[in-house]
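Coordinate analysis (summary)
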Amino acid sequence: MTDRTTDNRPRPKPGVMDIAAYVPGKSSAPEGVKLHKLSSNENPLGPSPRSIEAARDVAGRLDVYPDGSATRLREALAKTHGLNPANIVCSNGSDEILGLLAQTYLQPGDEAIFTEHAFMVYKIYVLTAGATPVIVKEKNERADVDAILAAVTPKTRILFLANPNNPTGTYLPFDEVRRLHAGLPSNVLFVLDAAYAEYVRRNDYEAGIELVSSSENVVMTRTFSKLGLGGVRLGWMYAPRHIVDAINRVRGPFNVNATAIEAGIAALEDRAHLERSVEHNERWRVWLTEKLTELGLRVTPSVGNFILVHFPDDEAHSATAADTFLTARGYVLRAVTGYGFPKALRMSIGTEEANRGVVDSLAEFLKR
Ligand SMILES: *Cc1c(COP(=O)(O)O)cnc(C)c1O
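Let me begin by describing the structure that accompanies this report.

About the thresholds
Residue positions within a chain follow its written sequence, with the count starting from 1. Predicted model: local features are reported for residues with pLDDT of at least 70 only, side-chain atom pairs are reported and counted for 80 or more only, and whole-chain, interface and lining totals are derived from all residues. With hydrogens and water stripped out, all remaining heavy atoms of the structure feed into the side-chain values. Where helices and strands are cited, they refer to DSSP runs of H or I of at least four residues and of E of at least two residues respectively, numbered from the N terminus. Definitions used for this entry: grid spacing 1 Å over protein atoms alone; cavity, a set of points where a 1.4 Å probe fits but cannot get out; pocket, an open set with protein on both sides within 12 Å along at least 5 of 7 lines; lining residue, one with an atom within 4 Å of a point. Grid points are joined across faces, edges and corners, and a volume is the space filled by probe spheres set on the points. Classification convention: Asp, Glu, Lys, Arg as charged; Ala, Val, Leu, Ile, Met, Phe, Trp, Tyr, Cys, Pro as nonpolar; all other residues, Gly among them, as polar. Each Phe, Tyr or Trp ring, with Trp reduced to its six-membered ring, pairs with another whose centre is within 6.5 Å; inter-plane angles below 30 degrees give stacked pairs, above 60 give edge-to-face pairs, and intermediate values give tilted ones. Residue burial is assigned from relative accessible area. The probe radius is 1.4 Å, only protein chains are included, and a residue is buried under 20% of its type maximum, exposed over 50%, and partly exposed in between. Any two strands between which DSSP finds at least two bridges are classified as paired. To get an axis, fit a line to the C-alpha atoms, keeping to the stretch in contact for a helix; angles then go from 0 to 180 degrees between the N-to-C directions. Here the arc refers to the directions that run from the helix axis out to each C-beta atom. Residue contacts are defined here by distance: any two heavy atoms, one from each residue, within 4.5 Å place the two residues in contact. N or O atoms closer than or at 3.5 Å make up a polar contact, with two conditions inside protein: a donor-capable atom paired with an acceptor-capable one, and, for residues adjacent in sequence, both atoms drawn from side chains. Here a residue is considered near a molecule or strand provided that any single heavy atom belonging to it is located within 4 Å of it. With residues, only the protein chains shown are counted as cover, and all accessible areas are computed by Shrake-Rupley using a 1.4 Å probe.

1. Description of unusual backbone geometry
That bond from asparagine 163 to proline 164 is cis: its omega, -5°, falls within 30 degrees of zero. At alanine 70, a residue that is not glycine, the phi angle is positive and equals roughly 45°. By the secondary structure assignment, alanine 70 is in the loop between helix H1 (49–59) and helix H2 (71–81).

Here it is as structure tokens:
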């Protein structure tokens, strides 16, 4: 009857079993302790009230398929950012778009480049496509344009760059991004992952719209997750038409659900919520960086809605010990060993209560 030997079982294609499954940020505190989840870069102000209302309205129509082209959402995005809706594809979180790009443009034998401390899903999708990840060293916890260009070979098909990057929070000024693009062969797809673009307030930063518009090999990916809609899963890309055409053939026909479409449109209409969120972030990121530095901890300069905090070498004050200490008090940060930072924790900018709580707890922790 059934053959129970392992030899004849279905086998995943080569590469799949080399993947280390993505571990999401922890989201629980010990019983009886108030949870402050600072592990997933969510918006401490929550979703826009308009998105909540829009999602409620959808609830009564859950039987109806969504618009498979997310037309109204693409139009709303186009209006917000001054783009042509025909150059936009929406997705189930921007993770999905990153995966679709890998699936569509990579095959076994191909190489895809990303940097040492890059966002972890790139590696997962490159391996899933059967291609070879090429990991490039960073310089001072920042992408190094020259090192990336030096890693390009005739086999290179994709370059993934998160700008700003997670978990470091560092960014490349746009003249550096342009220089990087200028040095790439034109058949290499340059994926600019601008998941944190809304939070960046730097004159020398651009998310990548101009670069996409003026070339044939650049796409910019964006997400609604970091501004209050992580739960609905909504992302999008802005890309040249030939790439949009390819992705539209590969994606699921209804990849963006009805709740995401309506909550997303409502979020785009609520500029005030966006501005409040960015202002809160700016204020508390600066404050946290200052306070933690005063405590003697090194903080990587971040332009995102999170910071990377480095801990001392001694065991009593290590990142692991700090994680345990903070978690016991309900402050759940993100361990980033998998990102190449065994001595650091990533902290999302939280509510005032959470931010003050973390600083007070760490002051106590470091005195032990
Ligand atoms: C959070 C994040 C994303 C994507 O998140 P989604 O929730 O899938 O939209 C993409 N890139 C980076 C660098 C991120 O930190």
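2. Some points on empty space enclosed by the protein
Applying the stated rule across the entire model yields 2 cavities of 30 Å³ or more. Taken as a whole, the largest cavity spans an internal volume of roughly 90 Å³. Every element with two or more residues in the lining of the largest cavity is listed here: strand E3 (111–115) and strand E5 (156–162). Per-element tally for the lining of the largest cavity: the top contributor is E5, with 3 residues. For the lining of the largest cavity, the per-class residue count stands at 8 nonpolar, 4 polar and 2 charged. Its volume calculated, the second largest cavity comes out at about 40 Å³. Lining the second largest cavity are Asn43, Pro44, Leu45, Tyr199, Ser277, His280, Asn281 and Ile349. For the lining of the second largest cavity, the residue count by class is 4 nonpolar, 4 polar and no charged.

3. Digging into the packing of aromatic side chains
Under the defined criterion, the tally for this structure stands at 9 aromatic pairs. Look at tyrosine 171 and tyrosine 205: their rings are 6.1 Å apart centre to centre, the planes differ by 75°, and that puts the pair in the edge-to-face class. A residue pair is termed long-range when its members are at least 10 positions apart, and tyrosine 171 in the loop between E5 and helix H6 (174–183) and tyrosine 205 in the loop between strand E6 (189–193) and helix H7 (209–213) qualify at 34 residues. Owing to a relative accessible area of 10%, tyrosine 205 belongs among the buried residues under this scheme. Centroid distance phenylalanine 311 to phenylalanine 365: 6.4 Å. Interplanar angle 80°. Geometry classified as edge-to-face. Within this pair, whereas phenylalanine 311 is found in the loop between strand E10 (306–310) and helix H11 (319–328), its partner phenylalanine 365 is found in helix H12 (residues 352–367), the two being separated by 54 residues in sequence. Each member of the pair, phenylalanine 311 as well as phenylalanine 365, is classed as buried. Among the aromatic side chains, those forming a connected cluster through ring pairs are Phe114, Phe119, Tyr122 and Phe160.

4. Some thoughts on the sheet that holds E5
Spatially, E2-E8-E7-E6-E5-E3-E4 is the arrangement adopted by the 7 strands of the open sheet, whose pairing is mixed. The two strands at the open ends of the sheet, each matched to only one other strand, are strand E2 (88–91) and strand E4 (132–136). If you compare each strand with its neighbour and ignore which way they point, the axes differ by 20° on average. In this sheet, E5 lies alongside E3 in parallel orientation, the contact comprising 3 bridges.

5. Some details on H1
Taken together, the buried positions of H1 are Ser51, Ala54 and Val58. Buried residues in H1, looked at end-on, bunch into an arc of 65°, giving them a common side. Pointing more than 90 degrees away from the buried face of H1 are the exposed residues Glu53 and Arg56. Its buried side turned inward, H1 meets helix H9 (258–269). Here H1 starts with a cap whose side-chain oxygen sits 3.0 Å from the backbone nitrogen of arginine 50, and that cap is serine 48.

6. Thoughts on the site of the ligand
Within the structure, the ligand sits among 13 residues, and Asp193, Tyr196, Thr223, Ser225 and Lys226 are positioned closest to it. The side chain of asparagine 166 places a nitrogen or oxygen atom 2.8 Å from an oxygen atom of the ligand. Take tyrosine 196: an N or O atom from its side chain is 2.6 Å from an oxygen atom of the ligand. In isolation the ligand offers 390 Å² of accessible surface; the protein chains occlude 94% of this area. No other element matches helix H3 (residues 93–105), which puts 3 residues into the shell around the ligand.

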